[in-house]
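Summary of the model geometry
One-letter residues, chain by chain:
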Amino acid sequence: VIAYHLGFGWASGGLLGVGVFFTLSGYLITDILLERWARRKLSLKQFWLARARRLLPALLVVLVVVMAWVTVGDPSQLDSLRGETFASAFFVSNWWFIFQDVSYFEQFGPPSPLGHIWSLGVEEQFYILWPWLLLGGLALFGRPVGGRDGKRSQLQPRLALVTLGLAFVSIVLMAVLFEPGADSTRAYEGTDTRAFGLLIGAALAMVWPSRRLVDGITSQARRTLDIAGAVGLALIFILIATTSEFSPFIYRGGLVILSVATAMVVASVAHPSSRVGRVLGVGPLRWIGVRSYGIYLWQSPIILLTTPALASFSWLRAF
């Protein structure tokens, strides 16, 4: 995503990094919820408080700093930025941009330093709605009780199929709302049109829960895991290098391929026997991963507020 915002030619599809995160997040959040449900320790209040403590403080700092920066440096942006700041604070900025006809792709004025917050809106809306939908799905399609210890089953294949059905509806909706040659912000930023990435990750968690994955598998199974992970990574990088925000392909199948490829990587690296997981778990990548939320929050304001209009790429500004 940062490479895309900096204008690197090899990352023309770097905005797809958000789609990778959606699928990863769908897996992690659903994995956490199912584990707590299985242990009869699921508290939605505690879940939402944990998400708020994780997300809100850093976001509010960014909003305050950006508003102060713009007030001093470019007051002409204040009128539009007030609404964006309010929407960002309540995690509905994606719908704010859509209803205000603010294009994510066709900028005739200075790009908004808060334009990237739309993805956090989709995430937070998922965090609020998905636990209710998941609990309803478990009541209708889940396995009630299994095992001598009385714990409810973590494997939910029937619910996974229903979840993939919802993902399919989202996929169709994106394809229908996308109009070649017209602005694609509605299809790109809508919670309904981007839900499939999160739901594909969620479906994976229902049949591949991390806490049930154990080491000691056969060499053939390990090779299968590694091949799946490697192929998934290759597909992700190919899509990033060969597409752009103006490619009709990403709205009519490309983002679906991205989500499936990400699910392949997640399935591989979540297993303790995966060698791909060991490669992606090296120190520098873990350092970035732990700080990825903060890096994502700050990268766009810093790039946009420190880059002169119509300036060419500069390594100094990049660093």
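Above this text is the structure in question.
The present account deals with the structure reproduced in this document. From a predicted model like this one, the values you see are computed outputs, not experimental measurements. (Residues numbered from 1 in each chain as written. Predicted model: local features only at pLDDT ≥ 70, side-chain atom pairs only at ≥ 80, totals over all residues. Heavy atoms only, no water.)

Looking at the pattern of salt bridges
Between side chains of opposite charge, pairing is possible as soon as their charged atoms come close. As a reminder of what qualifies: By convention in these notes, a salt bridge is any Lys or Arg side-chain nitrogen within 4 Å of a carboxyl oxygen on Asp or Glu. Per-residue accessibility, obtained with a 1.4 Å probe over protein chains only, is compared with the maximum for each type, and a residue is labelled buried under 20%, exposed over 50%, and partly exposed between these values.
Per the counting criterion, the structure on display carries six salt bridges. Between R222 and D215 there is a salt bridge, and its shortest N-O distance comes to 3.9 Å. Residue classification places R222 among the partly exposed positions, given a relative accessible area of 24%.

Considering a nonpolar patch on the surface
Going by this rule: To count toward a patch, a residue needs a relative accessible area above 30% and no salt bridge. Like charges then connect within 9 Å, nonpolar side chains (Val, Leu, Ile, Met, Phe, Trp, Tyr) within 5 Å. Each accessible area value is a Shrake-Rupley result obtained with a 1.4 Å probe; residue values ignore everything except the protein chains displayed when judging cover. Each helix is a run of DSSP H or I of at least 4 residues and each strand a run of E of at least 2, with the numbering of both proceeding from the N terminus.
Taken together, I2, V269, V279, L280, V282, L285, W287, I288 and I295 make up a surface patch of nonpolar side chains, about 720 Å² in accessible area. Of all the secondary structure elements, the ones that give two or more residues to the nonpolar patch are α12 (275–280) and α13 (283–290). Considering each element in turn, the nonpolar patch owes the most residues, three residues, to α13. Positionally, V282 belongs in the loop between α12 and α13. V282 gets classed as partly exposed once you look at its relative accessible area, which sits at 36%.

Overview of the side chain of S170
What counts is decided by this rule: When checking whether two residues touch, look at their non-hydrogen atoms; a contact exists if any pair is within 4.5 Å.
Relative to the helices and strands, S170 resides in helix α7 (residues 157–177). For S170, a relative accessible area of 3% puts it in the buried group. When sequence neighbours within four positions are dropped, the list of residues in contact with S170 reads D192, T193, R194, A195 and F196.

Observations regarding the packing of helix α3 (residues 44–73) against helix α6 (residues 118–141)
Just so we agree on the cut-off: An axis is simply a line fitted to the C-alpha atoms; with a helix, the fit covers only the stretch in contact. Between two such axes, the angle follows the N-to-C directions and lies from 0 to 180 degrees. To sort the angles, those under 35 degrees are grouped as roughly parallel, those over 145 as roughly antiparallel, those from 65 to 115 as roughly perpendicular, and the leftovers as oblique. Throughout this entry, Asp, Glu, Lys and Arg are counted as charged residues, while Ala, Val, Leu, Ile, Met, Phe, Trp, Tyr, Cys and Pro are counted as nonpolar. The remaining residues, Gly among them, count as polar.
The geometry of α3 relative to α6 is characterised by a closest axis approach of 12 Å and an angle of 180° between their N-to-C directions. Of the possible angle classes, the one that applies to α3 and α6 is roughly antiparallel. Facing L44, F47, W48, R51, L55 and L59 of α3, the residues of α6 in contact are L120, E124, Y127, I128, P131, W132 and L135. Looking at the contact of α3 with α6 residue by residue, the classes come out as eleven nonpolar, no polar and two charged.

Quick notes on helix α14 (residues 292–305)
What counts is decided by this rule: The span you would expect from a helix comes to 1.5 Å times its residue count less one. The reported bend at a residue is simply the angle between two axes, fitted to the 7 residues ending at it and to the 7 residues beginning with it.
The terminal C-alpha atoms of α14, which comprises 14 residues, lie 20 Å apart, in line with the 20 Å expected from a rise of 1.5 Å per residue. At W298, α14 shows its maximal bend, which comes to roughly 30°, and the proline P301 appears one to four places after that position. For α14, the full list of buried residues reads Y293, Y296, L297, Q299, S300, P301 and I303. Structurally, α14 contributes buried residues whose contacts are with α1 (2–6), α2 (17–38), α3 and α6.

Considerations on the nonpolar core
Short version of the rule: The nonpolar core is taken to be a set of buried Ala, Val, Leu, Ile, Met, Phe, Trp, Tyr and Cys residues, with the residues joined through side-chain atoms within 4.5 Å.
Judged by nonpolar contacts, the single largest core of 73 residues is most densely connected at L59, W118, W130, L134 and Y251. In contact with W118, not counting residues within four places along its chain, are V18, F22, S93, N94, F97, Y104, Y188, E189 and R194.

Section: α3
Counted at 1.5 Å a residue, the expected span for α3 with its 30 residues is 44 Å, and the 42 Å between its end C-alpha atoms agrees. Along α3, the helix axis deviates most sharply at L56, where the bend reaches about 30°; the proline P57 sits within four residues downstream. Along α3, the positions that sit buried rather than exposed are L44, F47, R51, L55, L59, V62, L63, V66, M67 and V70. Each element contacted by the buried residues of α3 is listed here: α2, α4 (78–89), α6 and α14.

Honestly, that's just the spatial picture; any functional story needs more than this.
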